[in-house]
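Residue strings, one per chain:
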Amino acid sequence: MSQERLIQLETDILAKNDRYAAANRAILADREILTLNFVSSPGSGKTTLLCKTIEALGDQPLAVIEGDQQTANDADRIRATGAKAVQVNTGKGCHLDGHMVGHAMEHLKLANNSMLFIENVGNLVCPAGFDLGEDAKVAILSVTEGEDKPLKYPDMFTASRMALLNKVDLAPYCDVDLDLYEENLRRVNPSIEIIRVSARTGEGMDVWLQWLRDRLAQKAKPEAAE
Amino acid sequence: MHEMSLCEGIRTVIEDQARQHAFNGVKCVRVEIGRFSGVEKDALSFAFDVVMRGSVAEGATLEMIDLPGRAMCYDCIHEVEIENRLDPCPDCGGGKLMPVGGDEMRIKDLEVL
Ligand SMILES: Nc1nc2c(ncn2[C@@H]2O[C@H](COP(=O)(O)OP(=O)(O)O)[C@@H](O)[C@H]2O)c(=O)[nH]1
Ligand SMILES: [Mg+2]
Ligand SMILES: [Zn+2]
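Before going into details, it helps to say that this report is about the structure given with it. (Residues numbered from 1 in each chain as written. Chains lettered and ligands numbered in written order. Predicted model: local features only at pLDDT ≥ 70, side-chain atom pairs only at ≥ 80, totals over all residues. Heavy atoms only, no water.)

A few points about the packing of helix 2 (residues 46-57) of chain A against helix 8 (residues 205-219) of chain A
All names here are of chain A.
Piece 1. Running from N to C, helix 2 and helix 8 cross one another at 70 degrees; their axes reach a closest spacing of 11 Å. What the angle tells us is that helix 2 and helix 8 run roughly perpendicular. Taken together, the residues of helix 8 that come into contact with helix 2 (itself represented by Leu-49, Lys-52, Thr-53, Ala-56 and Leu-57) are Met-205, Trp-208, Leu-209, Leu-212 and Arg-213. (Axes fitted to C-alpha atoms, helices over the stretch in contact; angles between N-to-C directions. Helix = DSSP H or I, 4+ residues; strand = E, 2+ residues; numbered from the N terminus. Parallel < 35°, antiparallel > 145°, perpendicular 65-115°, else oblique. Contact = heavy atoms within 4.5 Å.)

Structure (structure tokens):
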């Protein structure tokens, strides 16, 4: 006599992560904290761009969560700008997850109506699937990586609302076609927003900073009725 | 990809279920994997055996069901099924498609003992 039975589930494999992410998102919404998840391959300029952004934003309250497999280098670089930062080392893990970010948020003592930047592990594949509770993913693509990267790694660019095409100062030296970068980004995500920037020269940074300020303004909850 | 962490997710769900439904073994785990989920099926199979070791699902078979990729065409505004992420729209030939389905990674059911 067999006691076999079937248990119907229809459960998302990442349901646990999604629950952590939803809890983070609820806290961040309540406290009007604009949260961006920066994703890219290693070396595209995430940390440099974050440092320049923080400097340019001046006294805007903000904090940074740095994800890397090893070392606290990037959090140290961020702290050198005067901003609050916490490093999360993922060890063998190839991406940050909702649970890690929730813990990091507790350490940071976030200010209401501030910005929270999360630098994910440099990896164009895995972070796409793991919601952290962010408002949007911002993909960084540097012009030395090759115009076909959006086509080769479409998921990350599909999941992102904004793409920063970084290191445009190098474009004249490496035979790149910036329009083709944009065309390929729009091919995998027709609604993606794109800004050409250089963390080195500051080109395009004004447009990027304005985008950030607009997003923060949108994050404010409507005033409660009296 | 992160097939190891996916399998850890599967193990957590199974262990929760084992507590709720009091079963002692799992014969088969059926998962639904979307065409655009990025899951490497061979890697998932391999990781599954490794991660289930020592759990109530040790030795269970993993059955993977493919779900099609679906996308919205920005040219003809049709929702279409496509095989590969970069395929043109089968209705109008357009090349601007936004995925709307096919990233599923779901545990459908468990055959338990
Ligand atoms: N020429 C140039 N170099 C840049 C730019 N942004 C970053 N870099 C350099 O790219 C390298 C990797 O930058 P990093 O911020 O560590 O990248 P991450 O791994 O994405 O955090 C460093 O040597 C940076 O100085 C840029 O806009 N132009
Ligand atoms: Mg970095
Ligand atoms: Zn079409």
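There is more to say, and it comes next.
Section: the pattern of salt bridges
Two side chains with opposite charge may pair up if their charged atoms get near one another.
Residue and element names in this part refer to chain A.
Piece 1. This structure, assessed with the given rule, holds 25 salt bridges over all chains.
Piece 2. Between Lys-152 and Asp-148 there is a salt bridge; the shortest N-O distance is 3.1 Å.
Piece 3. Overall, Asp-148 belongs to the partly exposed group, its relative accessible area being 30%.
Piece 4. Between Glu-182 and Arg-186 there is a salt bridge, and its shortest N-O distance comes to 3.3 Å. Linking Glu-182 with Arg-186, this pair stays in helix 7 (residues 178-188), spanning 4 residues, or about one helical turn.
Piece 5. Since its relative accessible area comes to 15%, Glu-182 is described here as buried. (Salt bridge = Lys/Arg side-chain N within 4 Å of Asp/Glu carboxyl O. Buried < 20%, exposed > 50% of the residue type's maximum accessible area, 1.4 Å probe, protein only.)

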